[in-house]
Amino acid sequence: SGVEKRGRLIKKFLKICRELKALNNFHSLSAVFGALRSTPVFKLKEAWKLVPHKHMVFYDEMVELFDTKKNMRNLREAHK
């Protein structure tokens, strides 16, 4: 169904984020992750429920990485 397809696409883009992080391509990672955090995608609650737990753990890590507290400290430390 449409919800399942959306769930698979969210999972796919999280996998892309994982690869971009492994390549230290933070600019592209920021763009893709920003799209996943956008309101239209974030509101797809039923689709997000279908994303496997390990990918949601990674998503939470990315939320932490792009946290704006202390002038993006986590992201700056990841660049080192």
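Up top you'll find the structure we're talking about.
Calculation rules
- Residues numbered from 1 in each chain as written.
- Predicted model: local features only at pLDDT ≥ 70, side-chain atom pairs only at ≥ 80, totals over all residues.
- Heavy atoms only, no water.
- Helix = DSSP H or I, 4+ residues; strand = E, 2+ residues; numbered from the N terminus.
- Buried < 20%, exposed > 50% of the residue type's maximum accessible area, 1.4 Å probe, protein only.
- Contact = heavy atoms within 4.5 Å.
- Core = buried A, V, L, I, M, F, W, Y, C linked by side-chain atoms within 4.5 Å.

> Quick rundown of the side chain of histidine 55? Include the residues and the values.
Take histidine 55: it is sitting in helix 5 (residues 53-65). Looking at histidine 55, the relative accessible area reads 4%, which means it is buried. With near-sequence residues (within four places) excluded, histidine 55 lies in contact with Lys11, Leu14, Lys15 and Arg18.

> Could you give me a rundown of the environment of leucine 20, with the residues and numbers involved?
Structurally, leucine 20 can be placed in helix 1 (residues 2-22). What makes leucine 20 buried here is its relative accessible area of 13%. Linking leucine 20 and arginine 8, residues 12 residues apart in sequence, is a C-alpha distance of 18 Å. Not counting residues up to four positions away in its chain, the partners in contact with leucine 20 are Asn25, Ser28, Leu29 and Val32.

> Any chance you could break down the nonpolar core for me, citing the residues and the numbers?
If you look at the biggest cluster of nonpolar residues, it comprises 18 residues, and the most contacted ones within it are Leu14 and Leu29. Only helix 1, helix 2 (26-36), helix 4 (45-49) and helix 5 provide two or more residues apiece to this core. Residues in contact with leucine 29, not counting those within four places in the same chain, are Cys17, Leu20, Lys21, Gly34, Met62, Leu65 and Phe66.

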